[in-house]
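Listed below are the residues making up each chain.
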Amino acid sequence: MESIDSDEELQQAFAKDVLKPGLNLEVAPKKEFINRKNDMKAVLEKFKQNLDWIERLDLTTKPPAPEEEEEKASPEDKSVHDDFRRELAFYKQVQASVLQVLPKLNRLGIQTRRPDDYFAEMAKSDRHMKRIREKLIAKEISMEKSEKAKKLRQARKFGKQVQVEVLKKRAQEKKKMLEEVKKYRKGQKDKLDFMVDLEDEEKKNKTRRHQTKATQKKEQFMPNKKRQHKNERFGFGGQKKRSKSNTAESFDKMTPVESMMMKQSSRRHPGKKPAAVKKGKKQQRPGKNRRLQNKFRNKNKRRI
Amino acid sequence: MGKRKIARAKKSESLEEEKTENVVVLPSVISSDEPPAKRTKWINKQRVLVFSTRGILAQARHLMNDMKRLMPHSKREPKMDHKDDFRVVNEICETRNCNKCIFFEARKKKDLYMWLSNINEGPSAKFLVENVHTMCELKLTGNCLKGSRPLLSFDEKFDKEPHWKILKELFIQIFGTPNHHPKSQPFIDHVFFFSILDNRIWFRNYSITDELASLTEIGPRFVLNPVRIFEGSLGGPTLYVNPHYQSPNEYRKLLRKKYATKYMGRVSAKIGHEERKLKESYKLDQTNDVFVTVGPGDVEES
């Protein structure tokens, strides 16, 4: 196997009838590949261009030095087939070369970015770029969805634990509150902490809600900017139908006298509920006369 | 000779003159009849003919169109019908006034070869094109101006061996857009990248998106496996043969052989096993059984 026999030797062996099948292997002749280095150099010299760099724009860079761990994990011949690592190496190499050449381009006065008002045909059409963008967005959305689903699944796993904890927490809070109430009753405390907190929060919430609703309504019925400006300039000659009736806003703005009037007028419509009375004020008991009037009115109603 | 040709010849002559005297000193007085000598900025006149043989696959055609779109100095030509003799390509290039050519050759409706050639003087190189991704693919998200000049970034290995050096020069002359080409744009916003890995040339095209050199890939992508380098244009004496190259036909043959011998191997393994198998597991003394007594328990069991 190891030694290669010449043809003559083989012929002699065949004549002696020593050759048996399986003992000899046919070896393919060694191919010699053409590699005429000197000629290649001459050819290169012949057709090489002697032009400035700006005409040619060529760069050469070293490949990025692989980190030691990476190199150990997979040597070069393996990393060729690892798409992600290969492309990353390419990217780094190109980036290094571009960073190297950018100052040179600046010196020569060549820009890498066109100004925003420079319109020209692009290599890829707008339609194609739109498709690319759509695909990117779709991918992002699907990623988000899958992540959400993952989180939900996780949450479901630990849901029971969480619920137990929440119940414990609630029980604790309740216990604490009861203790405080006890102390308050005994006179050890002059104010209840949690009550104060609650009141504050309520107030804040109310004002906030009110404001937001009002602004929302305003925005809903606002005309566009152009129309607003025109209205300011020429006066708004449109609808007068509902200008005299009150709105929630005008009601808030009313002077005390006006509001009193409103209350009286509402009394003429017994079907309507009176406006909600503020909690802070005590409801005054009507006078004797009025109470009697009310009584009669109610009786009449029943008869009817 | 037609009028146009004469005019063209005259033009080229005048251009050559300008090349030789790069700095033209204008005389102080010019007669009104003769026009003043112009200083053309467009010196590097490369014209590349990009075309193919008949029977190329759709993807290869798209790749070809991408090349045409990215190279403003390219010209197009209908698909060629000749199958064997590529010397016609030289003539076609000459008639189209091109001095370089990218020629795609399709074989068996499967394989794509690319010829890069310096017309007439040579050299030329033949590659097998593998792993093609065109610019149409949606995962390549970058974009650049049509006709802007590319930077040509090369791997360090291109300067090590003479055959890589020749290929590098060919790439520079063919893929580089000449400065001040009338169809080109005055910005440089993308990079052609040539790398050598696994004895092949990997082509990538990135757009430069900002000053910090963050890049996005535009495409196309392909891998060139060099086959041969010739001294002439699309033929002539061979300068270099790639020892690592395996033709796709050979590769497919090997694959087929591997599958074909799978069954044979299994059968022969079975036969070999039968042959090697001993009839007895090990030698037993026949007299061992003499003193074995049969108890009542054994009888019940049986």
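The structure we're discussing is the one just above.
Since we're looking at a predicted model, the values are computed, not measured.

A.B. asks: Teacher, can you tell me more about helix α9 (residues 225-234) of chain A here?
C.D. replies: Because an α-helix completes one turn every 3.6 residues, residues spaced three or four positions apart along the sequence face the same direction. Counting buried residues in α9(A) gives one out of 10 residues, a small share hidden from the surface. One or two positions beyond α9(A), positive phi appears at G235(A), with a value near 85°.

A.B. asks: What exactly am I supposed to notice about the nonpolar core here?
C.D. replies: Grouped burial of nonpolar side chains is what soluble globular proteins tend to show. With 48 residues, the main nonpolar core has I102(B), F171(B), F175(B), F194(B) and I201(B) as its most contacted residues. Per-element accounting of this core gives the leading share, eight residues, to helix α4 (residues 162-175) of chain B. Apart from residues lying up to four places away in sequence, F171(B) is in contact with L116(B), F127(B), L152(B), F154(B), F158(B), G176(B), F194(B), I201(B) and L224(B). Counting 23 residues, the second-largest nonpolar core is a separate cluster that includes V80(A), L105(A), L151(B) and I188(B).

A.B. asks: How do you make sense of a negative patch on the surface when you look at a structure like this?
C.D. replies: On the surface, a cluster of negative charge is contributed by D197(A), E199(A), D200(A), E201(A) and E202(A). Residue position: E202(A) is located in helix α8 (residues 193-221).

A.B. asks: Quick question: what am I supposed to make of the pairing of strand β7 (residues 185-197) of chain B here?
C.D. replies: Consecutive residues of a regular strand have side chains that alternate between opposite faces of the sheet. Residues and elements named next belong to chain B. The buried fraction of β7 is high, at 12 of 13 residues. Pairing of strand β6 (residues 148-155) with β7 involves six bridges; the strand directions are parallel. In the strand pairing of β7, S153 is matched with F193. In this region the chain leaves β6, passes through α4 and returns to the parallel neighbour β7; the handedness of that crossover is left-handed.

A.B. asks: Please explain unusual backbone geometry as it appears in this structure.
C.D. replies: Residues and elements named next belong to chain B. Cis geometry is found at the peptide bond from G122 to P123, where omega equals 0°. Take P123: it is sitting in the loop between β4 (111-118) and β5 (124-133). That bond from G219 to P220 is cis: its omega, 0°, falls within 30 degrees of zero. Assignment of secondary structure puts P220 in the loop between β9 (215-217) and β10 (221-232).

A.B. asks: Help me understand α4(B) in this model?
C.D. replies: Compared with an ideal rise of 1.5 Å per residue, which puts 14 residues at 20 Å, α4(B) spans 20 Å between its outermost C-alpha atoms and is within 8% of the ideal. The buried fraction of α4(B) amounts to 13 of the 14 residues, a majority that puts the element mostly inside the structure.

Rules and cut-offs
Residues numbered from 1 in each chain as written. Chains lettered and ligands numbered in written order. Predicted model: local features only at pLDDT ≥ 70, side-chain atom pairs only at ≥ 80, totals over all residues. Heavy atoms only, no water. Buried < 20%, exposed > 50% of the residue type's maximum accessible area, 1.4 Å probe, protein only. Helix = DSSP H or I, 4+ residues; strand = E, 2+ residues; numbered from the N terminus. Core = buried A, V, L, I, M, F, W, Y, C linked by side-chain atoms within 4.5 Å. Contact = heavy atoms within 4.5 Å. Patch = residues over 30% accessible without salt bridge, like charges linked within 9 Å, V, L, I, M, F, W, Y side chains within 5 Å. Areas by Shrake-Rupley, 256 points an atom, 1.4 Å probe, with all protein chains shown as cover. Salt bridge = Lys/Arg side-chain N within 4 Å of Asp/Glu carboxyl O. Lys, Arg positive; Asp, Glu negative; His and termini not counted. Charge placed at Lys NZ, Arg CZ, Asp CG, Glu CD. Pairing = 2+ DSSP bridges. Right-handed = clockwise from strand over helix to strand, strands pointing away. Expected span 1.5 Å × (residues − 1).

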